[in-house]
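For reference, the chains in residue letters:
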Amino acid sequence: MSTPVQGAVGPATGQSSANTDPAAPTRRGTELLLLGFAAFVVSAALMLVEANQEQQLTLRIFWYGLAFLGLFAVAHVAVRKFAPYADPLILPCVALLNGLGLVMIYRIDLAMTEKALRAGREINNDVPKQILWTTVALALFLAVLIVIKDHRTLTKYSYTFGLVGLFLLALPAVLPSFIAPTINGAKIWLKVGPFSLQPGEFAKILLLVFFAAFLVSKRDLFMAAGRRVLGVDLPRARDLGPVVFAWAVSLGVLVFQKDLGTSLLFFGTILVMLYVATERAVWVVLGLSLFVGGAIIAYNLFTHVQQRVANWVDPLATYADAGGGYQIAQALFGLGTGGIGGTGLGAGRPELVPLANTDFIAAAIGEELGFIGLAALLLVYTVLALRGMRSALAVRDTFGKLLGGGLSFLLIMQVFVVVGGVTKLIPMTGITAPFLSYGGSSLLANYVLIALLLRISDAARRPQTGARPRPVPQAPIAEAHTVMVQRPQAERPE
Amino acid sequence: MNTPLRRVGLAMLGMIILLLANATYIQIIKADDYREDPRNQRVLLEEYSRQRGKILAKGANNQVMLATVLPTNDRLRYLRQYTAGPTFAPVTGYYSVRYGAGGLERAEDEILNGSDDRLFVRRLSDLITGRDPRGGNIELTINPDAQTAAYDAMAKAGFAGSVVALNPKTGEILAMVSTPSYDPNTLSAHDGIAQEKAWKEYNADKRKPMLNRAISETYAPGSTFKLVVAAAALEDGKSKDDQVTSTDRLQVGGSELRNYNRGFCNGTPNGVSMLVALSLSCNTAFAELAGDLGPEKIAEQAAEFGIGESDLVVPMKVEQSCIGPSASCMTIADKAALMQSGIGQRDVRLTPLQNAQIVATIANGGERMRPQLVKSILAPDLSEISRLDTDSLGRAMSRDAAGQLRDMMIASEEKTGGDGKRDGLTIASKTGTAETGNDPKNTPPFAWYVAFAPADDPKVAVAVVVESQDVAATGGKLSAAIGRATMIAALGGG
């Protein structure tokens, strides 16, 4: 990646080469077609589950498929109206992931129902709740698209977002346990009646928006070098503020909520954004050293961290211990049994893995769809995140670039942390697989994330001569930087 | 800002590639380890949810299902059922999710669960027609009438012991009873708690209900061993009319060996024929006979009857029968041991199956047939895959010697009391009362009865052993009636 900035911009602007063309293709037809395809795949998956679980095969599935298509058709129409130039691949990817998640949750429900029936317990199905959450999430998605007409308006409220984000993040830790119970060792939930929410999921996005805005406004400060030590430009001590802040927040989450996953997520994403904003790898090195240091301290201080590491190193050895490797071992058994081709949807035993429909849903997919299915799923995530990244590359304002890059990275980071945890690549930390896992807060937050990405991609692909006049930006230095270097040259050769 | 964004994009790809590589390692390279880990319940559940083959036997007029399956609605899908549980338990064995399998269920597991190569073509067609794979069926040589008669006779009297009946011409096992018995249905129950309770109860029982006394326990044969000594003598050139000693006492090592009634054999000190000596079961005659023949001839004859065989399977493994101490199974230590062995004491220990083989061999004119329990293996659709091959294990004695021995046994039966004699049926038999323990005079002996019938055209040979509760018990008193009832049932009339 030693390409000079100018050359590097080429493909990005190439993608929006139709910028001057008033009749630039919106590609909404492609999106609709792909959504139809996603609905077809999801219906087929549901049919397989029904067949393998020896449920009655009825026209019901057809209606479910149609309902699913209908739900996303509404989202599609909204995109058509409110973000017509948005990337056509993002929504279908989300629909596919969400749909497969619903099928998998339904499939695990069936297994759990059977288990509950035998034990004479009451049945508590998750799939109706997840369908409800999907609908609510899509409504929120619509709301974000409608309310935020231009992502740059977000910068106006960046400090508010930052404060609200911190507040939400800290909320479960400080609230008494009758409203914020400790579940699976982490105190990150708020329980209101039958609903439980993870405010951290929302905090994640709010803090990211804040950080993007903050970095854009302070960008020059960070780019200015401090002292030069051994050939490396060290940042000035006072500019270390944001890194220290990120470090403190993620360590705070780790200590007070015992939530290693979110901690890892925060730190990784913030580091990446810092790197993108400053274009200096030294921040990453510095941040990583801080994180490693923090992790070592945490390892020595907290037994639950030691436990996680021990479970990671050899889950089979700690299989029988309390809080031991049982979960991961079960996930590995499931993944191994699935092998290359999987047992077939509905024909495996994913319910043997604890938390099969939330944190360990990747194991369920790896068991029933095999390595092929898991790989396909990972590639859908990759397409989704890379489309987001591509929008970030193409968008013209630094805030958009930073936010788009951060959101895309956050998405992949979540996948990496949870799938890596389930497959014993890294220590297991309890977080959800975006769009796939059961969980309302995760779904809501990730749909907000997607709405923002679509907004950015719309801005990236929208013809410059379009009807919408560009509002006066509030980060003039950053803006000037991009425009001055790239614009006039890149448009000509096309 | 695009260069770092691109690099982040590459890093994202790198993370996904890492996940894919790790998933490849887990799901393809290490898959078998995880799949076959004993803690992975999936394989077990898979096997237990397959429709297991039946174990059946042909009665006089109808087919009797000894073990079948009942479709259920729970996770294991098929419940193993044993129609006449305890009666056939030593034959069928048990099949338990928690405790594995025993008896035929274990020995013929590959046929019953359908994984045997001989079922391959059927499996393939099941795969193509989409039918669930099913196990093959096994038809036994057991005569359900004989088995039931023997078990009922033992159970009604409350005896602990065993009955084995053979078809002398083919080696087919017609009955294999062990009492007290257990109910394999309780072990195959899908209710784990019921299984555990039954398992613990059976294993804690001092009477060892799960021990298959017919093949897994050895007993001192007592006077029934005189048949082996007589056979060795006849093979050595003697005849049934040759004179043997009738003395009332013999000095053996440091102790005296006496006849059962403590007097002279047949009341005369002048010697008796071997026929009379056997019919009256005179100890001194056979002790001296064994002493005269020498250890080699006795051991050789014993081996020809199958004693000392360590690899016999029927197809369950049969415990080794011995004439010497367990360390050197076929070696008789000295003259004293030889003389004591001649009357079936000291280190001589036979399984009931082995003793039945000895009489069956005599009944079959001296040719020993391999004892077998499986008559045929049937495909799931009951078409025959393979059928029992009768297998000669060689000649143990000449036809003439066998005929003389038969005459001696007919004379013995005439002297034997007990119930169950039937007019018109000539039986050839020998009783035995084997002293046990360190204080034989005060320890209840084992009561034996070995026989075959009809004497002129033997169709059934039987060995009965009862672990008696009464010091004064004899083979004639306890076991003869059970043996006769078994033979009459096997011959097709009650």
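Scroll up for the structure.
Presented here is a report on the structure given in the accompanying data block.

Conventions used here
- Residues numbered from 1 in each chain as written.
- Chains lettered and ligands numbered in written order.
- Predicted model: local features only at pLDDT ≥ 70, side-chain atom pairs only at ≥ 80, totals over all residues.
- Heavy atoms only, no water.
- Pairing = 2+ DSSP bridges.
- Helix = DSSP H or I, 4+ residues; strand = E, 2+ residues; numbered from the N terminus.
- Axes fitted to C-alpha atoms, helices over the stretch in contact; angles between N-to-C directions.
- Expected span 1.5 Å × (residues − 1).
- Buried < 20%, exposed > 50% of the residue type's maximum accessible area, 1.4 Å probe, protein only.
- Contact = heavy atoms within 4.5 Å.
- Buried area = accessible area lost by both parts, 1.4 Å probe.
- Salt bridge = Lys/Arg side-chain N within 4 Å of Asp/Glu carboxyl O.
- Polar contact = N/O pair within 3.5 Å; in protein donor to acceptor, adjacent residues only side chain to side chain.

Sheet strands line up and pair through hydrogen bonds in the backbone, either parallel or antiparallel. Residues and elements named next belong to chain B. A sheet is described by the order of its strands in space; here six strands give the open sequence β3-β2-β1-β6-β14-β15, paired in mixed fashion. In this open sheet, the two edge strands, each paired with only one partner strand, are β3 (78-82) and β15 (384-387). Put simply, the sheet's adjacent strands are angled 25° from each other on average, direction ignored. Summarising the sheet, strand β6 (residues 137-140) and strand β14 (residues 374-378) pair through four bridges and their orientation is antiparallel. The residue of β14 that forms the bridge with Glu139 is Ser376.

A few words now on helix α18 (residues 399-415) of chain B. Given 3.6 residues per turn, any residue in an α-helix points the same way as the ones three and four places further on. Residues and elements named next belong to chain B. Here α18 spans 25 Å end to end across 17 residues, near enough to the 24 Å set by a 1.5 Å rise per residue. Residues Ala401, Ala402, Gly403, Gln404, Leu405, Met408, Met409, Ile410, Ala411, Ser412 and Glu413 constitute the buried set of α18. Elements that come into contact with the buried residues of α18 comprise α12 (226-235), α13 (274-279), α17 (352-363), β17 (428-434), β18 (446-453) and α20 (480-490).

Here we take up the pairing of strand β19 (residues 460-467) of chain B. Residues and elements named next belong to chain B. The buried count for β19 comes to eight of eight residues, which makes it a mostly enclosed element. The pairing of strand β7 (residues 160-166) with β19 spans seven bridges and is classified as antiparallel. Bridge pairing in β19 links Gly161 to Val466. Sheet analysis places β18 next to β19, joined by eight bridges and oriented antiparallel. Bridging from a neighbouring strand, Phe446 pairs with Glu467 of β19. Taking the residues that link successive antiparallel strands as the turn, the β18-β19 hairpin has six residues.

Contacts between the two partners involve 36 residues from chain B, matched on the other side by 61 residues from chain A. Between chain B and chain A the total buried area reaches about 4,700 Å² when both faces are included, carbon and sulfur atoms providing 69% of it. Counting across the chain B and chain A interface gives one salt bridge. A salt bridge links B:Arg42 to A:Glu367; its shortest N-O distance comes to 2.8 Å. Where chain B touches chain A, the interface holds 13 residue pairs in polar contact (both at pLDDT 80 or more). Counting only elements with at least two residues in the side of chain B that touches chain A, the list comes to α1 (2-29), α2 (31-35) and α3 (41-48) of chain B. If one sorts the elements of the side of chain B that touches chain A by residue count, α1(B) sits on top with 22 residues.

A few words now on the environment of A:Val49. All names here are of chain A. You can see Val49 is positioned in helix α2 (residues 28-52). Distance in space between the C-alpha atoms of Val49 and Ala347 is 7.6 Å, their sequence separation being 298 residues. Residues in contact with Val49, not counting those within four places in the same chain, are Val103, Tyr106, Arg107, Leu110, Leu345 and Gly346.

What follows deals with the sheet that holds strand β8 (residues 173-179) of chain B. All names here are of chain B. Strand order in the open sheet made by the five strands is β8-β7-β19-β18-β17, with antiparallel pairing throughout. Edge positions in the sheet fall to β8 and β17, since each of these pairs with one other strand and no more. The sheet shows a mean angle of 5° between the axes of neighbouring strands, taken without regard to direction. Where β17 and β18 come together, seven bridges link them in antiparallel fashion.

Fair warning: the whole summary comes from geometry, so function is off the table for now.
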